[in-house]
Protein chains: 2
Amino acid sequence: MKTVYERADIVPLLAEIFRELGYAATSLSRITERTGIGKGSLYHFFPGGKEEMAAAVLADVDAWFEHAIYQPLRRDDARQAVAAMWTNVNDYFRSGRRICLVGAFALDETRERFSSAIGGYFIRWIDALRSALMRAGCAEEEAQVLAEEGVAGIQGALVLSRALDDTTVFTRSLETLAKRLDAVRR
Amino acid sequence: MKTVYERADIVPLLAEIFRELGYAATSLSRITERTGIGKGSLYHFFPGGKEEMAAAVLADVDAWFEHAIYQPLRRDDARQAVAAMWTNVNDYFRSGRRICLVGAFALDETRERFSSAIGGYFIRWIDALRSALMRAGCAEEEAQVLAEEGVAGIQGALVLSRALDDTTVFTRSLETLAKRLDAVRR
DNA sequence: GTCTATACAGTGATAGAC
DNA sequence: GTCTATCACTGTATAGAC
């Protein structure tokens, strides 16, 4: 039995492994172990090795957020887009069981390797959310602070719910954040 | 030239390295490289190797928070203790330049190794903060939610300020959180 | 207590057979 | 495209001289 892959099939598998183990602890042998994909195939698709794999994963994650979260925040009805963000974020992070790869990379030396991808992800999230809040009637300065509070709050909720191994903490945190961002609009 | 250490001298040095690199990327050779302490000495003080080093660091961090943050929150004037928490946290994390080791450990597989230490740190932080909020006039359920919001918010602010490489994001986030926890008290 | 030397499993990476 | 074999290197850990 032999499976033939495309690059696009591998990236989500890699993403899950990087998410669970972090960049440093993700070794090629553990990737092979979990996916059944040999080193030969991995280096065929990612000649740059582990770093190229992680970069591809980051780009994939970014594309998902751009499509599912940021664009609606920038273009659609502000109230609906913000509401959709909370439910999509809760689903994407599996109520806190799944962590944010970009946030995790930001916390250790991995940040230095991917600083522009990491920075861009958060910058665009905050900008898109601020845009929606302003369209919903919020002043620019307040919208900026609220957008930062929302995005940071999600990251913190992931850390906390994982530390306590309790998904209710994550869901409850999202509800609290939603109220905070809702209160100012009219 | 030869320096003789005590275990207590080494732990803070290890803490800084674990904080910067994370558990997996912290190797004994990098510890030696940065501290000048040889493998022989390290294994003399920590026969359990890297895992015992990290456990000692976590215990040290925990002791600091217990003394500087949790105990005041439980015992001192509630308003003053909460206010002191914000300034102490800002100083301890160097306005976001320094990350929270416990939070970072919670995000990858390192959590499994130290789950009780990680869980205890956050449980006791939240409990102590809730106690202070209740003494300041907050109902129990609301105090619980606010305490979680505060602690999670700090973790999120660390992620965000590091991702954006911007200490003002951290300081501003703490101010916003302080207002949130202040609003309900009378 | 600290150092040097060393064991040996695991690392990322490459080359060539198929 | 995938596999196996192999590379040089670094990982943790140990033993013994000083």
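Before any of the text, the structure's been laid out above.
Residues numbered from 1 in each chain as written. Chains lettered and ligands numbered in written order. Predicted model: local features only at pLDDT ≥ 70, side-chain atom pairs only at ≥ 80, totals over all residues. Heavy atoms only, no water.

Regarding unusual backbone geometry
Unlike most non-glycine residues, Ser95(A) shows phi in positive territory, near 55°. As for its position among the elements, Ser95(A) is in the loop between helix 5 (78–92) and helix 6 (101–107). Ser95(A) gets classed as buried once you look at its relative accessible area, which sits at 16%. Unusually for a residue other than glycine, Arg94(B) sits at a positive phi of about 50°. Relative to the elements of secondary structure, Arg94(B) occurs in the loop between helix 5 (78–92) and helix 6 (101–107). Judged by relative accessible area, Arg94(B) falls into the partly exposed class, the value being 43%. (Helix = DSSP H or I, 4+ residues; strand = E, 2+ residues; numbered from the N terminus. Buried < 20%, exposed > 50% of the residue type's maximum accessible area, 1.4 Å probe, protein only.)

Concerning the packing of aromatic side chains
Applying the stated rule across the entire model yields 34 aromatic pairs over all chains. An angle of 10° between the planes, with centres 5.9 Å apart, marks the rings of Phe18(A) and Tyr23(A) as stacked. Side by side, Phe18(A) and Tyr23(A) carry an identical accessibility label, which is buried. Taken together, a centroid distance of 4.9 Å and an interplanar angle of 75° make the contact between Phe65(B) and Tyr92(B) edge-to-face. Here Phe65(B), found in helix 4 (residues 50–75), pairs with Tyr92(B), found in helix 5; they are 27 residues apart in sequence, far enough to count as distant. The buried category is assigned to Phe65(B), whose relative accessible area is 1%. (Phe/Tyr/Trp six-rings, centres within 6.5 Å; stacked < 30°, edge-to-face > 60°.)

Quick look at the side chain of Arg162(A)
In this structure, Arg162(A) sits in helix 9 (residues 140–164). Among buried charged residues, Arg162(A) stands out as having no salt bridge; its nearest opposite-charge side chain is Glu112(B), 4.3 Å away. Engagement of the side chain of Arg162(A) in a polar contact is seen with the backbone oxygen of Ala106(B), the distance being 2.5 Å. Excluding its chain neighbours within four sequence positions, the residues that come into contact with Arg162(A) are Gly96(A), Arg97(A), Ile99(A), Ala106(B), Leu107(B), Asp108(B), Glu109(B), Arg111(B) and Glu112(B). (Lys, Arg positive; Asp, Glu negative; His and termini not counted. Salt bridge = Lys/Arg side-chain N within 4 Å of Asp/Glu carboxyl O. Polar contact = N/O pair within 3.5 Å; in protein donor to acceptor, adjacent residues only side chain to side chain. Contact = heavy atoms within 4.5 Å.)

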